[in-house]
Amino acid sequence: MCAAAFLVIRHQLLHQLDLHLTQSARLDAQQYRREPLGVLQGECRYLAAPACAQMVPARPGDDPAKPYLLPVTDGTRQVAAGTHGPYYSGIRLAGHRARMLTTPLGEGRALQVAVRSDTVDEGVRQAAGLLAAVGAVGVVLAGVLGSWVSRTGLAPVSRLTAIAERIATTRDARHRIEMPPERAGRQDEITRLAASFNTMLGELEKSVTAQRRLVADASHELRTPLTALRTNAELLARSGRLSDAQRERAAGALGRQLREVTLLVNDLIELAREEEPDPLVEEVRLSSVVAQAVQAARDHWPDVPFEFRVDQDANAATIAGVPARLSRLLSSLLDNAAKFSPPGRPVEVTLTRPGGRLDLVVRDHGPGIAEEDLPYVFDRFYRARSARALPGSGLGLAMARQIARAHHADLTAEHAPGRGALFRLRVPSPAGPAFSQSS
């Protein structure tokens, strides 16, 4: 900007000097048109003197005897002859820099007008010095301000880097990037990056917390059956002291506890796996899978009646999914309903197709779900007070919701009309996407 300003100032000063020469040339042309060739005014070597002027012929042979004051070149002769237009040039006059205008005067003559350009040169030098100083100050100021702006603007990135390094060192995902109050409402890239990083840290913290809770809960749930297994194993190791009936009871208890531990470990493995094997995905007729699951539940719970009703529209509907996983989801819902069903009361299973989607309802007539337990029924290892005396590990409903989410379905629990619990599985329209590889 300073260089551009210097060029503009220099151009304007020279332009003003050229205008002065043009005006002097017009006055001299009117005043000295009839004068003889040669020097017309010759005192321009002083600053206060008027412009020097001389007339030059086109032919050197017509030059006057008195020498010229201003330099005469071939260009001057061409202007006098009319073959070249007027032009400005810089010359030295009495040891000083000067500016000269050569313009045609007609009748084979050219008029040369010159004036000293000391004042213009001095103005140009002063402007150059002033603009150089301003430019240097501007560069320093811009550097200081740029450094401050960059440090201020990139402060969240520095904090992000420090927090990332701290998390890598401490493995503690509870840290967050603190945003200054003045950036709270902004939507620039740095603020959005910090907000996205905080969101990622929040999700990471939730994942780590869930992982730790899963390990702690699994350790707690495994402690009791493993203790019982060790006790029975130690008892059988001293089988010589036991009667046949005691040995048989200990062996039976050991077998049951092994099955419980095996089932619990398998459930934990299923819950830890958040992807479904893609090659196993196929078109599944949901009504057929539900019917098979209801029949398996009747065999497993012979004292509980199961009623299955399916609408005609839903009977032939298919979805993309894994049959074995869907069967596991349904068995978890049916087993949970059977555990809480009073003797003689049925478990009602209904499959409908309202609004194009498939809607599966499993309802029992038991005590229902307490209001304080309703938000936690799908949590891992969560067991309501009324269920703590019943068999199970508290993983069935958690696994059922995970399988439902993997199939883009929504599994909810609610209070049934009258009394009992109602679990509703909403499966998307069979015409749309119905399966995802990750839950």
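Residues numbered from 1 in each chain as written. Predicted model: local features only at pLDDT ≥ 70, side-chain atom pairs only at ≥ 80, totals over all residues. Heavy atoms only, no water.

A.B. asks: Any chance you could explain the overall build of the protein here in plain terms?
C.D. replies: Along the protein, the regular secondary structure elements total 10 helices and 12 strands. Expressed as a percentage of its 439 residues, the buried residues of the protein come to 37%. Considering only contacts within the protein whose residues lie at least 6 apart along the sequence, 63% involve residues at least 24 apart. Accessible surface, the protein as shown: approximately 25500 Å² in total, 56% of it carbon and sulfur. (Helix = DSSP H or I, 4+ residues; strand = E, 2+ residues; numbered from the N terminus. Buried < 20%, exposed > 50% of the residue type's maximum accessible area, 1.4 Å probe, protein only. Contact = heavy atoms within 4.5 Å. Areas by Shrake-Rupley, 256 points an atom, 1.4 Å probe, with all protein chains shown as cover.)

A.B. asks: Teacher, can you tell me more about the sheet that holds strand E4 (residues 96–104) here?
C.D. replies: Each strand in a sheet pairs with its neighbour through backbone hydrogen bonds, running either in the same direction (parallel) or in the opposite one (antiparallel). Pairing within the open sheet is antiparallel, and its five strands lie in the order E1-E2-E5-E4-E3. If you trace the sheet from one side to the other, it starts and ends with strand E1 (38–41) and strand E3 (87–93), each paired once. Neighbour-to-neighbour, the strand axes of the sheet open up by a mean angle of 25 degrees, direction not taken into account. Here E1 runs beside strand E2 (residues 52–57); their pairing, made up of three bridges, is antiparallel. Within the sheet, the bridge partner assigned to Gly-38 lies in E2 and is Met-55. Against the sheet, helix H1 (residues 2–31) engages E1, E2, E3, E4 and strand E5 (109–116), with an angle of about 135 degrees to E5. (Pairing = 2+ DSSP bridges. Axes fitted to C-alpha atoms, helices over the stretch in contact; angles between N-to-C directions.)

A.B. asks: Please clarify how the pattern of salt bridges should be interpreted in this entry.
C.D. replies: Two side chains of opposite charge can pair, provided their charged atoms sit close to one another. Taken as a whole, this structure holds 11 salt bridges when the rule is applied. Across the salt bridge formed by Arg-309 and Glu-307, the nearest N and O atoms sit 3.7 Å from each other. (Salt bridge = Lys/Arg side-chain N within 4 Å of Asp/Glu carboxyl O.)

A.B. asks: Sorry, what's going on with the sheet that holds strand E10 (residues 358–363) here?
C.D. replies: Ordered in space as E7-E9-E10-E12-E11, the five strands form an open sheet in which the pairing is mixed. Lying at the two open borders of the sheet, with one neighbouring strand each, are strand E7 (306–310) and strand E11 (410–415). Along the sheet, successive strands turn relative to each other by an average axial angle of 15 degrees, direction set aside. Looking at chain direction, strand E9 (residues 347–352) and E10 are connected through five bridges and run antiparallel. Its bridge partner lying in E10, Glu-348 is registered against Arg-363.

A.B. asks: I would appreciate a short explanation of the side chain of Asp-359 in the present structure.
C.D. replies: Within the fold, Asp-359 resides in strand E10. With a relative accessible area of 5%, Asp-359 lands in the buried category. In this structure Asp-359 touches Thr-350, Leu-351, Thr-352, Pro-354, Arg-424, Leu-425 and Arg-426, once residues within four positions along its chain are discounted.

A.B. asks: Can you walk me through the confidence of the model for the protein in this structure?
C.D. replies: Any residue range with low pLDDT should be treated as having predicted coordinates unsuitable for detailed reading. When pLDDT is averaged across the protein, the result is 81; 87% of the residues are at 70 or more. Ignoring residues within four places in sequence, the model shows residues 431–439, a span with pLDDT below 50, making 26 contacts including any to other chains. (pLDDT = per-residue confidence, 0-100.)

A.B. asks: What's the story with the packing of aromatic side chains in this structure? I'm lost.
C.D. replies: Geometry of an aromatic ring pair is reported as the spacing of the ring centres plus the angle between the planes. Applying the stated criterion to the full structure yields one aromatic pair. For the pair Phe-378 and Phe-423, a centre-to-centre distance of 6.1 Å together with 85 degrees between the ring planes defines the contact as edge-to-face. With Phe-378 in the loop between E10 and helix H10 (396–406) and Phe-423 in strand E12 (residues 421–427), this residue pair connects regions lying 45 residues apart in the sequence. Just as Phe-378 is buried, Phe-423 falls in that class too. (Phe/Tyr/Trp six-rings, centres within 6.5 Å; stacked < 30°, edge-to-face > 60°.)

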